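Given next are the chains, with one letter for each unit.
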Amino acid sequence: MPYPRRIDGYAIVSEDGMLADAQGVMPDSLKFEADQRFFEHGLDGVDAVAHGRNSHERQPRSHQRRRLILTRHVAALAADPSNAKALFWNPAGAPFEAAWTRLGVPDGILAVIGGSAVFGMFLDRYDVFHLSRASGVWLPGGRPVFPEVPAHTPEEVLARHGLKPGPQQVLDADKGVTLVAWHR
């Protein structure tokens, strides 16, 4: 069965490892121009994205990308009637390989862009996970980047799943936004 050539994850998190507030919304306090540029540039190099119902990249070329939308509202796989490039996928009803085959990008690159359960599903499959951190931002009671957070830090979770950190990059020194790419 076809499988992605590479699987990349992209997330920005608060000091406490959250990617959204308690309502599941990414607050403005986690939105930074430098991180958005990095994210958009990264997505311009992929063939498809995977995300849950609350996640979406909202970039100028979003409509051009194929996407897997993870949901429990379909039995296995179903076309998205509002987007010919999107496929609804229930992981409980169909394996990832079946969803990837049906999406139709056999040797493509997949970017996983959230939420928590979606990020967690791919922990043993990522080739690289781009973890941005927003210094000084806290989201108590928010939605964690991985299901194991806050019992473990995002970095501990990535390391426990076989990923190793690269050097820290500073995306915005004035605002305390950093990035570490974790590689398998």
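These lines cover the structure that appears in this document, whether it is placed above or below. Each chain carries its own residue numbering, running from 1 in the direction its sequence is written. Only residues with pLDDT of at least 70 are given local features in this predicted model, and only at 80 or more are side-chain atom pairs given and counted; all residues enter the totals for whole chains, interfaces and linings. The basis for every side-chain value is the complete set of non-hydrogen atoms in the structure, without hydrogens or water.

## Notes on helix α2 (residues 96-103)
Helical geometry note: an α-helix holds 3.6 residues per turn, so side chains three or four residues apart project in the same direction. For clarity, the cut-off: The classification of residues rests on relative accessible area computed with a 1.4 Å probe and restricted to protein chains. Under 20% of the type maximum is buried, over 50% is exposed, and intermediate values are partly exposed. Only DSSP runs of H or I reaching four residues or more are called helices, and only runs of E reaching two or more are called strands; each is numbered from the N terminus. The directions from the helix axis to the C-beta atoms form the arc being described.
Every buried residue belonging to α2 is among Phe96, Ala99, Trp100 and Leu103, and all of these are buried. Projected down its long axis, α2 carries its buried residues within an arc of 100°, all on one side. Trailing α2 by a residue or two, Gly104 shows a phi angle of about 85°, which is positive.

## Details of the pairing of strand β11 (residues 169-172)
Short version of the rule: Whether two strands pair depends on DSSP finding at least two bridges between them.
Pairing geometry for β11 and strand β12 (residues 177-183), over three bridges, is antiparallel. Note on β12: the bridge partner recorded for Val170 is Thr178. Here β11 folds back onto β12, and the loop between the two strands holds four residues, one of which, Gly176, carries a positive phi near 70°.

## Let's talk about the packing of aromatic side chains
The line we're drawing: Classification of ring pairs rests on two measures: the distance between centres of Phe, Tyr or Trp rings, Trp counted by its six-membered ring, which must be within 6.5 Å, and the angle between planes, read as stacked under 30 degrees, edge-to-face over 60 and tilted in between.
Scanning the entire structure with this criterion turns up 11 aromatic pairs. When the centroid spacing of 6.1 Å and the interplanar angle of 50° are considered together, the rings of Tyr10 and Phe38 count as tilted. Pair noted here: Tyr10 is in strand β1 (residues 6-13) and Phe38 is in helix α1 (residues 33-43), with a separation of 28 residues, a long-range link. Between Trp89 and Phe96 the ring centres are 5.7 Å apart and the planes differ by 55°, which places this aromatic pair in the tilted class. With relative accessibility at 1%, the residue Trp89 sits in the buried group.

## Here we look at the pairing of strand β6 (residues 83-89)
Consecutive residues of a regular strand have side chains that alternate between opposite faces of the sheet. Examined bridge by bridge, strand β4 (residues 66-70) and β6 share four bridges and lie parallel to one another. Residue pairing across strands places Ile69 opposite Phe88, the latter belonging to β6. Here strand β5 (residues 77-80) runs beside β6; their pairing, made up of four bridges, is antiparallel. Its bridge partner lying in β6, Ala78 is registered against Phe88. Two successive antiparallel strands, β5 and β6, enclose a turn made up of two residues.

## Looking at the environment of Val145
Keep this limit in mind: In what follows, a contact means two residues having at least one pair of non-hydrogen atoms within 4.5 Å.
With respect to the secondary-structure elements, Val145 resides in the loop between β9 (143-144) and α4 (154-160). In this structure, the C-alpha to C-alpha distance between Val145 and Ala117, residues 28 residues apart in sequence, is 8.3 Å. Ignoring any residue separated from it by four or fewer positions in sequence, one finds Val145 in contact with Ala11, Val13, Gly17, Leu19, Ser116, Phe119, Phe129 and Pro154.

## A word on unusual backbone geometry
Note that the residue after Gly114, namely Gly115, is joined by a cis bond; omega there is 5°. Relative to the elements of secondary structure, Gly115 occurs in the loop between β7 (109-112) and α3 (116-121). For the bond running from Val149 to Pro150, omega is 15°, close enough to zero to count as cis. Of note, Pro150 is situated in the loop between β9 and α4.

## Side note on the environment of Pro154
Topologically, Pro154 is positioned in helix α4. Measuring from C-alpha to C-alpha, the distance between Pro154 and Asp16 comes to 9.0 Å, with 138 residues separating the pair along the chain. If near-sequence neighbours (up to four positions away) are discounted, Pro154 is found in contact with Gly17, Leu131, Arg133, Val145, Phe146 and Val149.

## A few points about the side chain of Asp35
For the record, the criterion: Neither His nor the chain ends contribute to the count of charged residues, in which Lys and Arg are positive and Asp and Glu negative. By salt bridge we mean one thing: a side-chain nitrogen of Lys or Arg within 4 Å of a carboxyl oxygen of Asp or Glu. Polar contacts, as used here, are pairs of N or O atoms within 3.5 Å; protein pairs need one atom able to donate a hydrogen and one able to accept it. Residues neighboring in sequence count only if both atoms are side-chain atoms.
With respect to the helices, strands and loops of the structure, Asp35 is situated in helix α1. Buried within the structure, Asp35 lacks any salt-bridge partner; Arg37 is the closest side chain of opposite charge, at an N-O distance of 10 Å. Here the side chain of Asp35 touches Ser132 through a polar contact of 2.7 Å, side chain to side chain.

## Let's talk about the pattern of salt bridges
For side chains of opposite charge, pairing can occur when their charged atoms come near one another. Scanning the entire structure with this criterion turns up seven salt bridges. The salt bridge partner of Lys31 is Asp28, with a shortest N-O separation of 3.6 Å. A residue is classified by how much of its surface remains accessible, and Lys31, at 42% relative accessible area, is partly exposed. A salt bridge links Arg65 to Asp44; its shortest N-O distance comes to 2.9 Å. With Arg65 in the loop between β3 (48-51) and β4 and Asp44 in the loop between α1 and β3, the pair connects residues that are 21 residues apart, well separated along the chain. Asp44 sits in the partly exposed class, given a relative accessible area of 39%.

Everything listed is a geometric property; what it means functionally is a separate question.
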